[in-house]
Amino acid sequence: MTSEPTQARPSVLSAQTLARFSREVAKYPADQKQSAVMACLTIVQQEQGFVSAESEKLVADYLGMPPIAVHEVTTFYNMYNQQPVGKYKINVCTNLPCQLRDGTQALAYLEQKLGVTMGGTTEDGLFTLQQSECLGACADSPVMLVNDLHMCSFMSKDKLDQLIDGLQSAEAK
C-alpha cells in the first residue's frame, strides 16, 4: 500500500489562493467570515490535493479562528483528505442500511479487486478506498461516492467491475 508523493505545501498562501478566499469570505457579513471555512478548505484541497496541518493553520490565521476549530471541520467531513489520495477516491458507505444490503460485501470485493485495505491507495496511485458513514441514499444501497462528486448506487459485483475497469481504461488512453 502506497500513496502518491507528498506535494510541496506552501508556508504562505499564494496571491491566487488569497483572492479565492476573499471571494468566499465576501459572501458573509464581516463579523462572520469564519463561515467560509469549508470553502477555504475546499480551495486548499483543490490546489494541493489534500489539506495538511500546515494548511489548516493558514486557513485558521486567514479567518481569525483557532487552528483546532479548522481541524475539527477537516476531520468531521469525509470530503477533506488529510493526506495524499489516489486519483480516484472511492468512499463506500458502511452505515447499517448499506451493510444490510450487501455494502460490507461490496467493500470486501473492492479491497480484493484493488489489492488494498480500506484507507489504502493502490500501488499505481490510481485508487484510494475509504469508508463513509452515510451517503444519504439508503434505498439505493450499497452506495459509494467517487471523488466526492459521483454517487454510484446498487453496486453489485458486476457494477463494481464496470466502475473500476472503466476508470482504469480511461487512464490507459
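Residues numbered from 1 in each chain as written. Predicted model: local features only at pLDDT ≥ 70, side-chain atom pairs only at ≥ 80, totals over all residues. Heavy atoms only, no water.

Q: Explanation requested: the layout of surface pockets in the structure shown.
A: Leftover empty space is mapped by rolling, across the atoms, a probe with the size of a water molecule. In this structure, the second largest pocket encloses a volume near 250 Å³. In this structure, the second largest pocket is lined by 14 residues; those nearest its centre are Asn78, Tyr80, Asn81, Gln82 and Gln130. Among the elements of the structure, helix H4 (67-76) and strand S2 (127-132) are those that each provide at least two residues to the lining of the second largest pocket. For the lining of the second largest pocket, the class distribution of residues is three nonpolar, 10 polar and one charged. (1 Å grid on protein atoms, 1.4 Å probe; cavity = no way out; pocket = protein on both sides within 12 Å on 5 of 7 lines; lining within 4 Å. Points joined across faces, edges and corners; volume = space filled by probe spheres on them. Helix = DSSP H or I, 4+ residues; strand = E, 2+ residues; numbered from the N terminus. Nonpolar A, V, L, I, M, F, W, Y, C, P; charged D, E, K, R; others polar.)

Q: Could you clarify how one ought to interpret the packing of helix H1 (residues 15-25) against helix H2 (residues 37-48) in this entry?
A: Axis angle and axis distance: for two packed helices, these are the angle between their axes and the distance between the axes, and together they describe the pair. At a minimum axis distance of 9 Å, the contact between H1 and H2 shows a crossing angle of 155 degrees. Our classification of the angle between H1 and H2 gives roughly antiparallel. The two elements H1 and H2 meet at a crossing, and its hand is right-handed. Contacts between H1 and H2 pair Gln16, Thr17, Arg20, Phe21 and Glu24 from the former with Ala39, Cys40, Ile43, Val44, Gln46 and Glu47 from the latter. Of the residues contributing to the contact of H1 with H2, the split by class is five nonpolar, three polar and three charged. (Axes fitted to C-alpha atoms, helices over the stretch in contact; angles between N-to-C directions. Parallel < 35°, antiparallel > 145°, perpendicular 65-115°, else oblique. Left-handed = near helix turned anticlockwise from the far one by under 90°. Contact = heavy atoms within 4.5 Å.)

Q: Teacher, can you tell me more about the sheet that holds strand S4 (residues 150-152) here?
A: Hydrogen bonds between backbone atoms are what pair the strands of a sheet, whose relative direction is either parallel or antiparallel. One open sheet accounts for four strands, arranged S2-S1-S3-S4; its pairing is mixed. One side of each edge strand has no neighbouring strand; the edge strands of this open sheet are S2 and S4. On average, each strand axis in the sheet is inclined to that of its neighbour by 25 degrees, with strand direction left out of account. Both strand S3 (residues 144-146) and S4 contribute to a ladder of three bridges, which runs antiparallel. Bridging from a neighbouring strand, leucine 145 pairs with methionine 151 of S4. (Pairing = 2+ DSSP bridges.)

Q: Sorry if this is basic, but what is going on with the nonpolar core here?
A: Within soluble globular proteins, side chains that are nonpolar tend to cluster in buried spots. With 20 residues, the main nonpolar core has Ile90, Leu110, Phe127 and Met144 as its most contacted residues. Elements supplying a minimum of two residues to this core: strand S1 (88-93), helix H6 (103-114), S2, S3 and helix H7 (157-172). Here this core gets five residues from one element, more than from any other, and that element is H6. Those residues within four positions of phenylalanine 127 in sequence are excluded, and the remaining contacts are Gly86, Tyr88, Ile90, Leu114, Gly120, Thr121, Thr122, Ile164, Leu167 and Gln168. (Core = buried A, V, L, I, M, F, W, Y, C linked by side-chain atoms within 4.5 Å. Buried < 20%, exposed > 50% of the residue type's maximum accessible area, 1.4 Å probe, protein only.)

Q: Sorry if this is basic, but what is going on with the packing of aromatic side chains here?
A: What describes a pair of aromatic rings is the distance from one ring centre to the other and the angle between the planes of the rings. Going through the model one piece at a time under the given rule, you end up with four aromatic pairs. With a centroid separation of 4.9 Å and 85 degrees between ring planes, the pair formed by phenylalanine 76 and tyrosine 77 is classed as edge-to-face. Residue phenylalanine 76 is classed as exposed on the basis of its relative accessible area of 63%. For the pair tyrosine 77 and tyrosine 80, a centre-to-centre distance of 6.4 Å together with 85 degrees between the ring planes defines the contact as edge-to-face. Taken together, the ring pairs in this structure connect Phe76, Tyr77 and Tyr80 into an aromatic cluster. (Phe/Tyr/Trp six-rings, centres within 6.5 Å; stacked < 30°, edge-to-face > 60°.)

Just distances and angles here, no functional claims.
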